[in-house]
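Residue-level listing of the chains:
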Amino acid sequence: MLQDVADLNLSDCNGKVGVPRQLVITKDPSSIPDAAVKAGLTLPLVAKPLVVDGSAKSHELSLAYDQLSLSKLEPPLVLQEFVNHGGVLFKVYIVGEAIKVVRRFSLPDVNKCQLLNNGGVFRFPRVSCASACADDADLDPCVAELPPRPLLERLARELRRRLGLRLFNMDIIRELGTRDRFYVIDINYFPGYGKMPEYEHIFTDFLLSLVHS
């Protein structure tokens, strides 16, 4: 699904959208360091479970600081280059034509000093869950500013068409130090909408629109 984002050209929508470089690992942890080097991935790397089944473990992220530690990860997983983003992500919910955005706390930024002096794998359970809401937090405006609405509308419209989905969400980050450079780091089809603001009205309108069409 992220490849469909990479294939888009949204440079005329008040921002640029891409995806971090990533690699799917299905087996053999010992091969991960070499595979990451061959794929040109830059440390640190985020490791995400490939199978998301609703269990606590399926929501656990790991951040690997060095090549040696990559062999300690547990496939199947996706390795994704980490992009500093001010510790905040934007969870974008799509319900038919409706778009709703909430801020969530995310993984902390990593500086060069940390990268040189730290080793190992750090695990982060339940990143960006509903309890990590950042909408009311006192944040730097450069970090907290929502992605431009025209960009989100174009992105949602293109993904609806390419993926054939009407119910999905995206996790989007803004690269630290920029205003218009965004990355889609995850897409989920038929996500949990219970914590989306005004979800009852939005969902009812969506279902009624299906009936009328």
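Here, every reference points to the structure presented above.
The following refers to the structure shown. (Residues numbered from 1 in each chain as written. Predicted model: local features only at pLDDT ≥ 70, side-chain atom pairs only at ≥ 80, totals over all residues. Heavy atoms only, no water.)

With that settled, consider the packing of aromatic side chains. Two aromatic rings, taken as a pair, are described by how far apart their centres are and by the angle between their planes. Evaluation of the coordinates by the stated rule reveals four aromatic pairs. With centroids separated by 5.7 Å and ring planes inclined at 45°, the aromatic side chains of Tyr-93 and Tyr-193 adopt a geometry described as tilted. Here Tyr-193 lies in the loop between strand S10 (181-189) and helix H6 (199-212) and Tyr-93 lies in strand S6 (residues 88-95), a separation of 100 residues in the sequence. Residue classification places Tyr-93 among the buried residues on the basis of a relative accessible area of 3%. Looking at Tyr-193, the relative accessible area reads 6%, which means it is buried. Considering the side-chain rings of Phe-203 and Phe-206, the 6.1 Å spacing of their centres and the 75° angle between planes classify their relative orientation as edge-to-face. Of the two residues, Phe-203 and Phe-206 both sit in helix H6, three residues apart, roughly one turn of that helix. By relative accessible area, Phe-206 is classed as buried at 9%. The structure contains a cluster of three or more aromatic residues connected by ring pairs, namely Tyr-93, Tyr-193, Phe-203 and Phe-206. (Phe/Tyr/Trp six-rings, centres within 6.5 Å; stacked < 30°, edge-to-face > 60°. Helix = DSSP H or I, 4+ residues; strand = E, 2+ residues; numbered from the N terminus. Buried < 20%, exposed > 50% of the residue type's maximum accessible area, 1.4 Å probe, protein only.)

Okay, the environment of Leu-165 next. Tracing the backbone through its elements, the reader meets Leu-165 in the loop between helix H5 (149-163) and strand S9 (167-174). Residues Leu-165 and Thr-26 lie 139 residues apart in sequence; the distance between their C-alpha atoms is 26 Å. Excluding residues that lie within four positions of it along the chain, Leu-165 makes contacts with Met-1, Arg-160 and Tyr-189. (Contact = heavy atoms within 4.5 Å.)

Looking at where Arg-103 falls in the secondary structure, it is placed in strand S7 (residues 98-105). Reaching out from Arg-103, the side chain makes a polar contact with the backbone oxygen of Ala-144 at a distance of 2.6 Å. (Polar contact = N/O pair within 3.5 Å; in protein donor to acceptor, adjacent residues only side chain to side chain.)

With the rule as written, the count across this model stands at ten salt bridges. Taking the shortest distance from any N to any O, the salt bridge between Arg-154 and Glu-158 comes out at 3.5 Å. Taken together, the residues span about one helical turn, with Arg-154 and Glu-158 both in helix H5 at a distance of four residues. A network of salt bridges, in which partner residues are shared, links Arg-154, Glu-158, Arg-161 and Arg-162. (Salt bridge = Lys/Arg side-chain N within 4 Å of Asp/Glu carboxyl O.)

As a further point, take H5. Between the first and last C-alpha of H5 there are 21 Å, a value that for 15 residues agrees with the 21 Å anticipated at 1.5 Å per step. Check the buried side of H5 and you find it contacts helix H1 (2-6), strand S1 (16-18), S6, S7, S9 and S10. Just downstream of H5, Gly-164 is the residue with a positive phi angle, here 70°. (Expected span 1.5 Å × (residues − 1).)

Here the focus is the sheet that holds S9. Taken together, five strands build an open sheet; the order of strands is S1-S10-S9-S6-S7 and the sheet is mixed. Two strands close off the open sheet at either side, each with one partner strand: S1 and S7. Ignoring which end each strand starts from, the neighbouring axes of this sheet average 30° apart. Bridging between S6 and S9 involves six bridges; their strand directions are antiparallel. Residue pairing across strands places Tyr-93 opposite Asn-169, the latter belonging to S9. (Pairing = 2+ DSSP bridges. Axes fitted to C-alpha atoms, helices over the stretch in contact; angles between N-to-C directions.)

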